[in-house]
Amino acid sequence: MFRLTGEFDCKADAKGRVKLPSALIRQLGEGVRSYTINRGFEKHLMLYPREVWEQKTNEIDQLNIYSAKHRQVIRYFYRGATEIILDGSDRMLIPRSLMDFAEINKEIVLFAYRDHIEVWAKDKYESMIDDEPEDFSAIADEIFGGSAAD
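Residues numbered from 1 in each chain as written. Predicted model: local features only at pLDDT ≥ 70, side-chain atom pairs only at ≥ 80, totals over all residues. Heavy atoms only, no water.

Chemist: Help me understand the overall build of the chain, please; the structure alone is not making it clear to me.
Modeler: From N to C terminus, the chain includes 6 helices and 8 strands. Starting at the N terminus and walking to the C terminus, you meet the elements of the chain as β-β-α-β-β-α-α-β-β-α-β-β-α-α. Its C-alpha atoms give the chain principal-axis dimensions of roughly 55 × 40 × 30 Å. The 150 residues of the chain split such that 36% are buried. Across the chain, every contact between residues at least 6 apart in sequence was considered, and the portion connecting residues at least 24 apart equals 61%. Element-wise, carbon and sulfur atoms account for 50% of the exposed surface of the chain, whose accessible area totals about 9,500 Å². Separation between the mean location of the 21 positive side-chain charges and that of the 27 negative ones in the chain comes to 9 Å. (Helix = DSSP H or I, 4+ residues; strand = E, 2+ residues; numbered from the N terminus. Buried < 20%, exposed > 50% of the residue type's maximum accessible area, 1.4 Å probe, protein only. Contact = heavy atoms within 4.5 Å. Areas by Shrake-Rupley, 256 points an atom, 1.4 Å probe, with all protein chains shown as cover. Lys, Arg positive; Asp, Glu negative; His and termini not counted. Charge placed at Lys NZ, Arg CZ, Asp CG, Glu CD.)

Chemist: Before we go on, may I ask you to explain the sheet that holds strand β8 (residues 116-121) in this structure?
Modeler: Remark on secondary structure: sheet strands pair via backbone hydrogen bonds, oriented parallel or antiparallel. Reading across the sheet, the 6 strands line up as β1-β7-β8-β4-β3-β5 and stay open at both edges, with antiparallel pairing between neighbours. The outermost strands of the open sheet, each flanked by one partner alone, are β1 (4-11) and β5 (82-85). Between one strand and the next, the sheet's axes are offset by a mean angle of 25°, whatever the strand orientation. Alignment of strand β7 (residues 107-114) against β8, held across 6 bridges, turns out to be antiparallel. Residue pairing in the sheet places A112 in a bridge with I117 of β8. Contacts between helix α5 (residues 122-130) and the sheet are confined to β1, β7 and β8, with β8 contributing the most and set at about 105° to the helix. (Pairing = 2+ DSSP bridges. Axes fitted to C-alpha atoms, helices over the stretch in contact; angles between N-to-C directions.)

Chemist: Before we go on, may I ask you to explain the packing of helix α2 (residues 50-60) against helix α3 (residues 68-78) in this structure?
Modeler: One way to put it is that α2 packs onto α3 with a least axis distance of 11 Å and a crossing angle of 160°. The pairing of α2 with α3 is recorded here as roughly antiparallel in orientation. Of the two elements, α2 crosses α3, and the hand of that crossing is left-handed. Contacts between α2 and α3 involve W53, K56, T57 and I60 from the first element and V73, I74, F77 and Y78 from the second. The residue inventory of the contact of α2 with α3, partitioned by class, reads 6 nonpolar, 1 polar and 1 charged. (Parallel < 35°, antiparallel > 145°, perpendicular 65-115°, else oblique. Left-handed = near helix turned anticlockwise from the far one by under 90°. Nonpolar A, V, L, I, M, F, W, Y, C, P; charged D, E, K, R; others polar.)

Chemist: Honestly, the nonpolar core in this entry has me stumped. Any pointers?
Modeler: A general feature of soluble globular proteins is that nonpolar side chains tend to end up buried together. One finds L20, L28, L45, M92, I94, L110 and V119 to be the most contacted residues of the largest nonpolar core, which totals 37 residues. Top contributing element to this core by residue count: strand β4 (residues 45-49), with 4 residues. (Core = buried A, V, L, I, M, F, W, Y, C linked by side-chain atoms within 4.5 Å.)

Chemist: Looking at this structure, how should I read unusual backbone geometry?
Modeler: With the exception of glycine, the majority of residues adopt a negative phi angle, and the majority of peptide bonds are in the trans configuration. Phi angles above zero are rare outside glycine, and D90 is one such case at about 60°. Relative to the helices and strands, D90 resides in the loop between β5 and β6 (91-93). For D90, a relative accessible area of 17% gives the class buried. If you check the backbone angles, R114 has positive phi at about 55° while not being a glycine. By the secondary structure assignment, R114 is in strand β7.

Shown next as structure tokens:
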């Protein structure tokens, strides 16, 4: 299983190719060449190594197609999903439709955590990060519970 971490600044070329940083490649493992990319929950993209994508799709495939809400989740999860194979230079080609969705032009931030990578337009990522609530400590306390010092 992957334990990815880090923020990586990248650039997309005119064709939409993005070179994965060597530090991220080391975390993923040199043999990981196949990924799936799709729309994220916000205005960004999600990049999954193949084995992680297979786990996620197994979860989604358990949903009930006879339920309208479940069908909606299935459709939104799979929208834009595209298989990506890294080329010999560790570059991935992001489909234009996904680049347009995430409003990615040239400057990109790859935000890696757990077992996947968020792909953001740099300005959108910085705006989201700059919007950090002043009471982040209170939010963390609410989610994780009181600290041992209490």
